[in-house]
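Results of the structural survey
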There are 2 protein chains.
Amino acid sequence: MYRIGELATLFDVKTDTLRFYEKHGLLTSSTRSEAGYRLYSQDDAQKLRFIIRAKAVGFSLNDIAELLSIELDKANWACADVKGLVDTKLEQVQAKIAELEFFASSLNKLSQACCGGPDSAEHCSILEALESTDKELSPKVEHHLHAEKQG
Amino acid sequence: MYRIGELATLFDVKTDTLRFYEKHGLLTSSTRSEAGYRLYSQDDAQKLRFIIRAKAVGFSLNDIAELLSIELDKANWACADVKGLVDTKLEQVQAKIAELEFFASSLNKLSQACCGGPDSAEHCSILEALESTDKELSPKVEHHLHAEKQG
DNA sequence: ATAAACCTTGGAGTTAAATCCAAGGTCAAG
DNA sequence: CTTGACCTTGGATTTAACTCCAAGGTTTAT
Ligand SMILES: [Zn+2]
Ligand SMILES: [Zn+2]
Ligand SMILES: [Zn+2]
Ligand SMILES: [Zn+2]
């Protein structure tokens, strides 16, 4: 049996996190000591491993609660149910990636359009693109020309 | 001049959002009517366009506050400063994408390993992978065999 | 003159996943 | 018998970007 601090150290999480998981129904220690200390069994540790793994592939704690409820009543769930959760999450993740890819490509275009030099931003292509009343965000690809210093 | 509802409609945001931007120093109407109504000028509208565009490429409102403070004092900032903000944000976005790509690939492996059928999840490869004590999350690529029904 | 649609303010609630705090109980070492 | 490390609880705070609410003032149309 592990006390909360031991289990936390073992899995490199904070004790607060374990108490938080308990409060949210994800992981409750199977026993308490006489003094009221949480005592975690090997099974509890296994469950924590499950939680941490599921987090590592992108599941939210809510998702994990669902997975855990399946996990401890496997016989009454089908592969289809489990795969459904995974596929749904995969779609969410892919949607988020698509959004971020769009950000990245936009930012990249902006970056390319700016000379990045030490001169005044008065004609900065990035700011111009953000100011523009065009419907599309379209920075000129050529760098602006900063006035030559001292001809 | 636009009243808050008009400007909101024009840019397809909520009035609450405009008040929120004001509270956070992003966009304050340049005038008020006698009755205290916010009145937005064309310049204010232009500033809102800037904010919305910057959001659309992934900047947070904090980032945008910084961009706006540069925007209205361009002469005292260099292209390097602006490009720096863009490049920093681009790195953050790329880091997030990398994390999500890892999630997606993990989820994809899990999904592939599960038959997705209507039979009991007792031997589901997804659950097994999450339970596993292996350091790596590695579902078997072959689907488990569910017992044949009725031989 | 009254109803509908609009505006004002301050403040509370939402979501996610912790993280931190205070006041106090427990336990082992010296 | 006292320090220090550990544990308990309930509740507050954090971050981001809104979103909603209540109570009341304003405008406009009928
Ligand atoms: Zn430049
Ligand atoms: Zn520039
Ligand atoms: Zn199966
Ligand atoms: Zn399966």
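Attention here is on the structure that accompanies the text. (Residues numbered from 1 in each chain as written. Chains lettered and ligands numbered in written order. Predicted model: local features only at pLDDT ≥ 70, side-chain atom pairs only at ≥ 80, totals over all residues. Heavy atoms only, no water.)

Take the overall build of chain A next. A tally of regular secondary structure across chain A gives six helices and three strands. Helices and strands appear in chain A in the N-to-C order β-α-α-β-β-α-α-α-α. In terms of C-alpha radius of gyration, chain A reaches 26 Å, well past the compact-globule figure of 15 Å for 151 residues. In terms of overall dimensions, chain A has a C-alpha envelope of 85 × 40 × 20 Å along the principal axes. Of all 151 residues assigned to chain A, the portion counted as buried reaches 42%. Considering only residue pairs separated by 6 or more positions, chain A has 47% of its internal contacts joining residues 24 or more positions apart. When the accessible area of chain A is evaluated, it comes to approximately 8700 Å², of which 50% is carbon and sulfur surface. Where the 18 positive side-chain charges of chain A centre and where its 24 negative ones centre are 7 Å apart. (Helix = DSSP H or I, 4+ residues; strand = E, 2+ residues; numbered from the N terminus. Rg over C-alpha atoms; globule rule 2.2 N^0.38 Å. Buried < 20%, exposed > 50% of the residue type's maximum accessible area, 1.4 Å probe, protein only. Contact = heavy atoms within 4.5 Å. Areas by Shrake-Rupley, 256 points an atom, 1.4 Å probe, with all protein chains shown as cover. Lys, Arg positive; Asp, Glu negative; His and termini not counted. Charge placed at Lys NZ, Arg CZ, Asp CG, Glu CD.)

What follows concerns the pattern of salt bridges. Enumeration according to the criterion identifies 14 salt bridges over all chains in this entry. Between E131(A) and K74(B) there is a salt bridge, with the nearest N and O atoms lying 2.7 Å from each other. Note that E131(A) is positioned in helix 6 (residues 125-131) and K74(B) in the loop between helix 4 (61-71) and helix 5 (79-113), a pairing that runs across two chains. Taken as a pair, E131(A) and K74(B) share a single burial class, namely buried. (Salt bridge = Lys/Arg side-chain N within 4 Å of Asp/Glu carboxyl O.)

Taken together, the protein donors to the zinc ion (ligand 4) comprise C79(A) (SG), C114(B) (SG) and C124(B) (SG), at separations of 2.3 to 2.4 Å. A distance of 3.7 Å spans the gap from the zinc ion (ligand 4) to the zinc ion (ligand 3), which C79(A) bridges by coordinating each metal. Of this pair, C79(A) sits in helix 5 (residues 79-113) while C114(B) sits in the loop between helix 5 and helix 6 (125-131), which puts the two residues in different chains. Per residue, the accessibility class of C79(A) equals that of C114(B), and both read buried. (Donors = N, O, S within 2.8 Å, 3.2 Å for Na, K, Ca; no water.)

For the pair chain A and chain B, the best superposition has an RMSD of 0.1 Å and corresponds to a rotation of 180° with a translation of 0.0 Å parallel to the axis. What the rotation and shift describe, once combined, is the action of a two-fold rotation axis. By C-alpha distance to the rotation axis, the residue of chain A lying nearest is I97(A), at 3.0 Å. (Least-squares fit on C-alpha atoms with pLDDT ≥ 70 in both.)

Once that is clear, we can look at the protein's contact with DNA strand C. Contacts to DNA strand C come from 18 residues, most closely from D16(A), Y21(A), Y37(A), G5(B) and R38(B). In DNA strand C, the atoms that sit within 4 Å of the protein are 75% sugar and phosphate, with bases accounting for the remainder. Separating a phosphate oxygen of DNA strand C from a backbone N or O atom of G5(B) is a distance of 2.8 Å. Here a phosphate oxygen of DNA strand C sits 2.6 Å away from a polar atom, N or O, in the side chain of R38(B). Looking at the surface near DNA strand C, the elements that each hand over two or more residues are helix 2 (15-23) of chain A together with helix 1 (4-11) of chain B. By residue number, the principal contributor to the surface near DNA strand C is helix 2 of chain A, which donates four residues. Residues belonging to the surface near DNA strand C are distributed by class as follows: seven nonpolar, four polar and seven charged. (Near = heavy atom within 4 Å. Polar contact = N/O pair within 3.5 Å; in protein donor to acceptor, adjacent residues only side chain to side chain. Nonpolar A, V, L, I, M, F, W, Y, C, P; charged D, E, K, R; others polar.)

This part covers the protein's contact with DNA strand D. Around DNA strand D, a shell composed of 18 residues is seen, among which G5(A), R38(A), D16(B), F20(B) and Y37(B) lie nearest. Between DNA strand D and Y21(B), the relevant distance is 2.9 Å, taken from a phosphate oxygen to a side-chain nitrogen or oxygen of the residue. In the environment of DNA strand D, a phosphate oxygen lies 3.3 Å from a nitrogen or oxygen atom belonging to the backbone of L61(B). When contributions to the surface near DNA strand D are tallied by element, the ones reaching two or more residues are helix 1 (4-11) of chain A together with helix 2 (15-23) of chain B. With four residues, helix 2 of chain B is the single largest residue contributor to the surface near DNA strand D. Residues of the surface near DNA strand D, tallied by class, amount to seven nonpolar, four polar and seven charged.

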